[in-house]
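# Chains, contacts and geometry: an overview
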Amino acid sequence: MMRFRPQSGFVVQAFRFALDPNAAQETALRSHCGGARAAYNWAVGWVSASWWQRRAEETYGIGEGELTQWRPWSLPALRKEFNAVKRTDPRFAGWWEDNSKEAYSTGLANAAAAFDNYATSTQGKRRGKKVGMPRFKSKRKARLSCRFTTGTIRVEPGGRHVTLPRLGTIRVHEPTAKLLGPLRAGRARILSATVRHERGRWFVSFQVETAREIRRVTRPDVAVGIDLGVKTLAVLADSTGEIRTIANPRHLDTALRHLRRASHVASRRRGPDRRTGQKPSKRWEKANTRRNKVHHRVANLRTDALHKLTTAVTAEFGTVVVEDLNVAGMLRNRRLARRIADAGFGEIRRQLTYKTRRNGCRVVAGDRWFPSSKTCSGCGAVKAKLPLHVRTYACDACGLVIDRDDNAARNLAATTAPTGTGVAADQDTAKVSKPRGADHKTRTTRPRRTTGTGRAGGATLPHQRQTETRDRPQAQAPRLR
């Protein structure tokens, strides 16, 4: 399927607003999202049925030419078959007319995309982890979502209501002036609208083709290095020498007391049990709603703080240097996983990537194995060992004493220099051989267990030990991706 390409000078941007539906409108919203889920499940069952039938026929010894034909999963084929059976199929006959056709088209399009992803992954044409066969969506766990591409989709002139097909005019919580202005000026047009239930509220996202001018940053010639951490969320060090520290709000830690209390109350209620088919009680649903509100508040506060941070950075600096962190690997540390997830390292990287494009600046990801914390920002010496509990960097070569996060941020900011070794105090163009970096194994060689010519057990004397643990100069700038 061909992707939509905006015209020259235009970009595709989303505008999201929180809805404030009444009881009847919320029922209609849930019905549309349920229709999309039902159509998706029908498509998955209809296509996979032919697969299982062919597999069974192969066990009977039936020849390849006599096997059941493969059922296509393209969106036009699914639409044609669904329109033929929706009036007679007992799963849809009684209620399919209550919803817009866009609800069922959403489910069929999602099913077609799921089968395409599975096919390309099986053939080795899709990057990333292998994608399995599409599975049925659960009524309780599936995310409520529906997309509208045709029909009446508009923002009302008053700026406090939106109109969607079959759902009518729905009030929004916040003014829609940021979208209404470009629409009135003729600089934008709505392509589609998606309603979704998320964090206990209904949202509508308008996909808009709009003209966007590049916003010039205030300091285009200045580069900033960002060192992310748990103790402090971010340390910003720019190429002029200024260092700023952004405190970690730790929204989840602040709300843990309320979350424990809400979870304790919910655990004493009769909740759902899939093994026995037990239905949740009304008291459990109320307690679960109160517990979810705590989670939703934490998520909203975290999102707001990260957006403010990334927006301020991309509006000021021309070049942003970030670490290429292995966040998935860091989350395996059971002692720091909760705080790392609460900080949102991956979300910061994602937001910086797309916001720098808006402002005409660039984001640079440093080499994952660049020892930014172990490298001295004054002389370039690299420490072989720097445990996490050591929060102050003390250089044995030049005597520099600096906070380890400030030191790492300065090294990241210096990686954008056109010449030099990539450390803050070295900008010359001397070319020397690159030593083995501190990103690999830097521990002293383990003594042999077999007896050698030296001491018993092959141990070495103090003056014979490896000199690998000493500081050494960083001879070449780190690689950038």
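Residues numbered from 1 in each chain as written. Predicted model: local features only at pLDDT ≥ 70, side-chain atom pairs only at ≥ 80, totals over all residues. Heavy atoms only, no water.

So, about unusual backbone geometry. In this model, R166 sits at a positive phi of 65 degrees, which is unusual for a non-glycine residue. Residue placement: R166 occurs in the loop between β4 (161-164) and β5 (168-171). Not every positive phi belongs to a glycine, and R199 is a case in point at roughly 55 degrees. (Helix = DSSP H or I, 4+ residues; strand = E, 2+ residues; numbered from the N terminus.)

To continue, consider helix α9 (residues 345-358). An α-helix turns once per 3.6 residues; consequently, residues spaced three or four apart project the same way. The end-to-end C-alpha separation of α9 is 21 Å, in line with the 20 Å expected for 14 residues at 1.5 Å each. All of the buried residues along α9 are F345, I348, Q351, L352, K355 and T356. One side of α9 holds all its buried residues, which, seen down the axis, span an arc of 125 degrees. In the segment just after α9, G360 is the residue with positive phi, at about 75 degrees. (Expected span 1.5 Å × (residues − 1). Buried < 20%, exposed > 50% of the residue type's maximum accessible area, 1.4 Å probe, protein only. Arc of directions from axis to C-beta.)

Another point: the environment of V322. With respect to the secondary-structure elements, V322 resides in strand β11 (residues 317-322). Separated by 44 residues in the primary sequence, V322 and G366 place their C-alpha atoms 6.2 Å from one another. Apart from the residues within four sequence positions on either side, V322 is in contact with I226, R349, L352, V363, V364, A365 and G366. (Contact = heavy atoms within 4.5 Å.)

It is worth spelling out the confidence of the model for the protein chain at this point. Within the protein chain, residue pLDDT values average 84, and 86% of them lie at 70 or more. Under a pLDDT of 50 for its full length, residues 418-481 has, in the predicted model, 102 contacts with residues more than four places off or in other chains. (pLDDT = per-residue confidence, 0-100.)

A grouping of K282, K286, R290 and K293 is seen on the molecular surface, where their side chains present a positively charged patch. With respect to the secondary-structure elements, R290 resides in helix α6 (residues 282-314). (Patch = residues over 30% accessible without salt bridge, like charges linked within 9 Å, V, L, I, M, F, W, Y side chains within 5 Å. Areas by Shrake-Rupley, 256 points an atom, 1.4 Å probe, with all protein chains shown as cover. Salt bridge = Lys/Arg side-chain N within 4 Å of Asp/Glu carboxyl O. Lys, Arg positive; Asp, Glu negative; His and termini not counted. Charge placed at Lys NZ, Arg CZ, Asp CG, Glu CD.)

With mixed pairing, the five strands of this open sheet are ordered in space as β10-β9-β8-β11-β12. Sheet topology places β10 (243-247) and β12 (362-365) at the edges, where each strand pairs with a single neighbour. Sheet twist, expressed as the mean angle between neighbouring strand axes with direction ignored, is 25 degrees. Inspection of the sheet shows strand β9 (residues 232-238) paired to β10 by five bridges, in the antiparallel sense. Bridge pairing in β10 places L236 opposite R244. Here α6 sits on the sheet and contacts β8 (219-228), β9, β10 and β11; the angle it forms with β9, its principal contact strand, is near 5 degrees. Helix α10 (residues 404-414) rests against β8, β9, β10 and β11 of the sheet, and its axis sits at about 140 degrees to β8. (Pairing = 2+ DSSP bridges. Axes fitted to C-alpha atoms, helices over the stretch in contact; angles between N-to-C directions.)

Before going further, it helps to spend a moment on the sheet that holds strand β6 (residues 188-198). Taken in spatial order, the four strands make up an open sheet running β1-β7-β6-β2, and their pairing is antiparallel. In this open sheet, the two strands that pair with only one neighbour each are β1 (10-18) and β2 (145-148). For this sheet the average axis-to-axis angle between neighbouring strands, irrespective of direction, equals 20 degrees. Sheet strands in contact with helix α1 (residues 23-59) are β2, β6 and β7 (201-211), and its direction is about 90 degrees off that of β2.

To continue, consider the packing of α1 against helix α3 (residues 101-122). Two numbers describe how α1 lies on α3: the axes approach to 7 Å, and their chain directions differ by 40 degrees. Between α1 and α3, the angle is such that the two are oblique. In this structure, the crossing between α1 and α3 has a hand that is right-handed. Here α1 contributes H32, G35, A36, A39, Y40, W42, A43, V44, V47 and W51 to the contact with α3, which in turn contributes A103, Y104, T106, G107, L108, N110, A111, A114, F115 and Y118. Split by residue class, the contact of α1 with α3 holds 15 nonpolar, five polar and no charged. (Parallel < 35°, antiparallel > 145°, perpendicular 65-115°, else oblique. Left-handed = near helix turned anticlockwise from the far one by under 90°. Nonpolar A, V, L, I, M, F, W, Y, C, P; charged D, E, K, R; others polar.)

Taken together, the buried positions of helix α4 (residues 177-185) are occupied by L179, L180 and P182. Here the buried face of α4 lies against β1, β3 (154-155), β6 and β7.

As a further point, take the pattern of salt bridges. A side chain with one charge can pair with a side chain of the opposite charge if their charged atoms come near. Overall, the coordinates contain 21 salt bridges when judged by the stated rule. Here D253 ties to R339 by a salt bridge, and the two come within 3.6 Å at their closest N and O atoms. Placement of D253 in helix α5 (residues 251-267) and of R339 in helix α8 (residues 337-343) is noted, with a sequence separation of 86 residues between them. When its relative accessible area of 23% is taken as the criterion, D253 is described as partly exposed. A relative accessible area of 29% places R339 in the partly exposed class. Note that D324 is salt-bridged to R349, the shortest N-O span being 3.4 Å. Placement of D324 in the loop between β11 and α7 (327-330) and of R349 in helix α9 is noted, with a sequence separation of 25 residues between them. On the accessibility criterion, R349 (30% relative accessible area) is partly exposed. In this structure, a network of salt bridges that share partners links the residues R219, D238, E242, R244 and E316.

Right, let's get into the packing of aromatic side chains. Each pair of aromatic rings is reported with the distance of its centres and the angle of its planes. Scanning all chains against the criterion turns up twelve aromatic pairs. A ring pair is formed by F92 and W95, whose centres lie 5.9 Å apart and whose planes are at 40 degrees; its orientation type is tilted. Measuring from ring centre to ring centre gives 6.2 Å for W95 and Y104, while their planes differ by 45 degrees; the resulting arrangement is tilted. Residue class for Y104 comes out buried when judged on its relative accessible area of 4%. Counting every residue linked through ring pairs, the aromatic cluster contains W42, W46, F82, F92, W95 and Y104. If you follow R16 out to its NZ or CZ, it ends over the ring of F203, 4.2 Å from the centre. The ring of Y393 has K383 sitting right over it, with the charged end atom 5.7 Å from the ring centre. (Phe/Tyr/Trp six-rings, centres within 6.5 Å; stacked < 30°, edge-to-face > 60°. Lys NZ or Arg CZ within 6 Å of the ring centre and 35° of its normal.)

The next point concerns the side chain of D342. Mapped onto the elements of the fold, D342 is located in helix α8. Within the local environment of D342, its side chain forms a polar contact with the backbone nitrogen of L252, the two atoms lying 3.2 Å apart. At a separation of 2.8 Å, a polar atom in the side chain of D342 contacts the side chain of R302. Residue contacts for D342: discarding those within four places in its chain leaves R250, H251, L252, D253 and R302. (Polar contact = N/O pair within 3.5 Å; in protein donor to acceptor, adjacent residues only side chain to side chain.)

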